[in-house]
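# An overview of the molecular structure
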Amino acid sequence: MTTLPPHGDAGGTATANRTVPEGRLERLGIPPVLKWGFLAVLVFMTGNGVESNFLTPHLVEVLGSPEATVAGIITAYSLSVLVASYVSGALSDLVGPRRVMALGFAVWIVFEVLFLVGLQIDSFALTAVAYTLRGFGFPLFAFAFLVWVNITTSVERNGAAVGWFYVAFTGGLPTLGSLFAVGAIPVFGGGTGGETGAMIASIALVVAGFLIAWFGVRDPRGSRRIAPAGESTGQVLTSGLRLTFTRPKIAMGFLVRLINTAPEFGMFIVLPAVIADQRGWGQSRWLIMTVCVYATNIFVNAAFGALGDKIGWQRTVKWFGIVGSACGLLLWWYVPQLVPAGSDWGYVLSVIAGCIFGMLLAGFVPMGAIMPALAPDHKGAAMAMYTTAAGGATFLGSGVVALVYGFGGSDVAVVWAFVGLYACAFVMVSFLKVPQLHRAHGRTEPVEA
């Protein structure tokens, strides 16, 4: 029997301390009432990630548009992801995360169908608008569930719980999504026709993910308002923005999380042509490389969350997340350039370099525990800014690529631009020390920052 600290209730307040036995899932950091939700996010994000590593060349070929124009469509999509990531947290505060997840599913399905129709009738306008609006779908679904995780998990398990969320999230996007594409594209005939078939099949995965969440997760906290009862709708919806402008640490936490995965999404634009064409390894090997890189990330997300619970969230983010990811990114870029193009052993070394980046990227996981701890009186609002930054990383990643290319920069300039952003994050995270607890020997103890 162990004594647990209070869990947050639906309004973000604490319930009384209670003595209960800790089950296996709780010891791992997974709230048992949400276990099916983690699986739902994995399946949903697998469907969402099917086209992530072939979409740019697919649109270039099907629409007959230059790569710069297609990059504009993807940037617009990324902007939708950014907006929806904020809205996911704010709406979860207002009506509860369960309803927000349902809204995200509906948006994804409607605009995915319109996007595929636009491709079939060769309509650039319909394709661009539908894909842009589809960007609202996955953040509403996935990040609303992350809010649900944060209002349910005890403080000393918070880092591990966020880690398990990212096991599910990155397990789907791009890891299993890319693996699904590797198998589905040849089944549907290969080429652009096979890619279209894979995207149509992805709809079934998204539907399955939603059904698992809707029927598998019954925790009542997900259906109730989180924000304090006295706040108006307008105050709830703008509380995250107000926090950001009035509390510098929230603003810095937002920027650190924004920088976190921006290189990941930037590399989705830069590396497909480099690995597949310039280095001569082909599309299938690029997709396999992506699966390996982010499978590595999956395996260590929960581990870095637990490590943060033990040695300090801020320390883990600073040295493993920021410094480690910067070094790993440089390895992932330079190793393929230094080995013989098209060689098998060179490809293996390049995959290993990418896996190092994927592993150390997980060092940012404790940011999901740091952000609500920076504003314990407004956890929902703080999580709205965290989810905004998580979604905004897509926009920042593609935006950096577009900006560097726009000024005549090269692929290597893009990589070093991301390293520069990591240097900025290193400075900011030094200010994000928060109190936390660690469970040891059957009791909770404070962790020094």
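Quick look at the structure, then.

Quick notes on the rules
- Residues numbered from 1 in each chain as written.
- Predicted model: local features only at pLDDT ≥ 70, side-chain atom pairs only at ≥ 80, totals over all residues.
- Heavy atoms only, no water.
- Helix = DSSP H or I, 4+ residues; strand = E, 2+ residues; numbered from the N terminus.
- Buried < 20%, exposed > 50% of the residue type's maximum accessible area, 1.4 Å probe, protein only.
- Contact = heavy atoms within 4.5 Å.
- Areas by Shrake-Rupley, 256 points an atom, 1.4 Å probe, with all protein chains shown as cover.
- Lys, Arg positive; Asp, Glu negative; His and termini not counted.
- Charge placed at Lys NZ, Arg CZ, Asp CG, Glu CD.
- Axes fitted to C-alpha atoms, helices over the stretch in contact; angles between N-to-C directions.
- Left-handed = near helix turned anticlockwise from the far one by under 90°.
- Nonpolar A, V, L, I, M, F, W, Y, C, P; charged D, E, K, R; others polar.
- Expected span 1.5 Å × (residues − 1).
- Bend = angle between axes of the 7 residues up to and from the residue.
- Patch = residues over 30% accessible without salt bridge, like charges linked within 9 Å, V, L, I, M, F, W, Y side chains within 5 Å.
- Salt bridge = Lys/Arg side-chain N within 4 Å of Asp/Glu carboxyl O.
- Disulfide = S-S within 2.5 Å.
- Core = buried A, V, L, I, M, F, W, Y, C linked by side-chain atoms within 4.5 Å.
- Phe/Tyr/Trp six-rings, centres within 6.5 Å; stacked < 30°, edge-to-face > 60°.
- Lys NZ or Arg CZ within 6 Å of the ring centre and 35° of its normal.

### Some words on the overall build of the protein chain
- Broken down by element type, the protein chain carries 18 helices and four strands.
- Counting only C-alpha atoms and orienting by the principal axes, one finds that the protein chain spans roughly 60 × 45 × 40 Å.
- When the 449 residues of the protein chain are sorted by exposure, 60% land in the buried category.
- Within the protein chain, residue pairs in contact and separated by at least 24 positions form 81% of the contacts whose partners lie at least 6 positions apart.
- Here the protein chain has roughly 16500 Å² of accessible surface; of this, 71% comes from carbon and sulfur atoms.
- Between the averaged position of the 25 positive side-chain charges in the protein chain and that of its 21 negative side-chain charges there is a distance of 12 Å.

### Side note on the side chain of Arg 157
- With respect to the helices, strands and loops of the structure, Arg 157 is situated in the loop between α7 (137-152) and α8 (158-187).
- Relative accessible area serves as the criterion here: at 15%, Arg 157 is assigned to the buried category.

### A closer look at the packing of helix α11 (residues 248-260) against helix α17 (residues 379-406)
- In the contact formed by α11 and α17, the axes pass within 7 Å of each other and the chain directions differ by 35 degrees. Of the two elements, α11 crosses α17, and the hand of that crossing is right-handed. Listed contacts from α17 to Ile 250, Phe 254, Arg 257, Leu 258 and Ile 259 of α11 are Ala 382, Met 385, Tyr 386, Thr 388, Ala 389, Ala 390, Gly 392, Ala 393 and Leu 396.
- A breakdown of the residues in the contact of α11 with α17 according to their chemical character gives 11 nonpolar, two polar and one charged.

### Things to note about helix α10 (residues 233-246)
- Taking 1.5 Å as the rise per residue, α10 with 14 residues should run 20 Å; its terminal C-alpha atoms sit 20 Å apart, in good agreement.
- Its maximal kink placed at Ser 239, α10 deviates by approximately 50 degrees.
- Buried within α10 we find Val 236, Ser 239, Gly 240, Leu 243 and Thr 244.

### Description of a nonpolar patch on the surface
- On the surface, Leu 331, Trp 345, Val 348, Leu 349, Ile 352, Ile 356 and Met 359 cluster together into a nonpolar patch covering about 590 Å² of accessible area.
- The biggest single contributor to the nonpolar patch is helix α15 (residues 344-361), with six residues.
- Along the polypeptide, Leu 349 turns up in helix α15.

### Considerations on the state of the cysteines
- Scanning the model with the defined rule gives zero disulfides in all.
- Free cysteine Cys 292: the closest other cysteine sulfur is in Cys 355, separated by 5.4 Å.
- Note on Cys 355: relative accessible area 16%, which makes it buried.

### Focus on unusual backbone geometry
- Non-glycine residue Asp 122 carries a positive phi angle of around 60 degrees.
- With respect to the helices and strands, the residue Asp 122 is situated in the loop between α5 (97-120) and α6 (124-134).

### A short note on the nonpolar core
- If you look at the biggest cluster of nonpolar residues, it comprises 131 residues, and the most contacted ones within it are Phe 165, Tyr 166 and Phe 169.
- It is α17 that provides the largest number of residues to this core, a total of 13 residues.
- Aside from chain neighbours lying at most four places away, what touches Phe 169 is Val 41, Met 45, Phe 138, Ala 142 and Phe 143.

### Notes on the pattern of salt bridges
- The final tally for this structure, using the stated rule, is four salt bridges.
- Two residues, Arg 134 and Glu 51, come together in a salt bridge whose shortest N-O distance is 2.9 Å. Taken together, the residues span a long stretch of sequence, with Arg 134 in helix α6 and Glu 51 in the loop between α2 (35-48) and α3 (55-63) at a distance of 83 residues. In this structure, Arg 134 and Glu 51 share a single accessibility class: buried.
- Glu 112 is the partner of Arg 134 in a salt bridge, and the nearest nitrogen-oxygen pair spans 2.6 Å. You can see Arg 134 sitting in helix α6 and its partner Glu 112 sitting in helix α5, a full 22 residues away along the chain.
- Under the relative-accessibility criterion, Glu 112 is labelled buried at 0%.

### Some points on the packing of aromatic side chains
- Counted under the stated rule, the structure contains 22 aromatic pairs.
- Here a set of aromatic residues connected by ring pairs shows up, and it is made of Phe 138, Phe 143, Phe 165, Tyr 166 and Phe 169.
- Stacked on the ring of Trp 214, the Lys or Arg Arg 98 has its end atom at 4.0 Å from the ring centre.
- Of note, Arg 285 hangs over the ring of Tyr 347, and the distance from its end group to the ring centre comes to 4.6 Å.

### Considerations on the side chain of Asn 150
- Along the chain, the position of Asn 150 falls in helix α7.
- In this structure Asn 150 touches Asn 158, Val 162, Gly 368, Pro 372 and Met 383, once residues within four positions along its chain are discounted.

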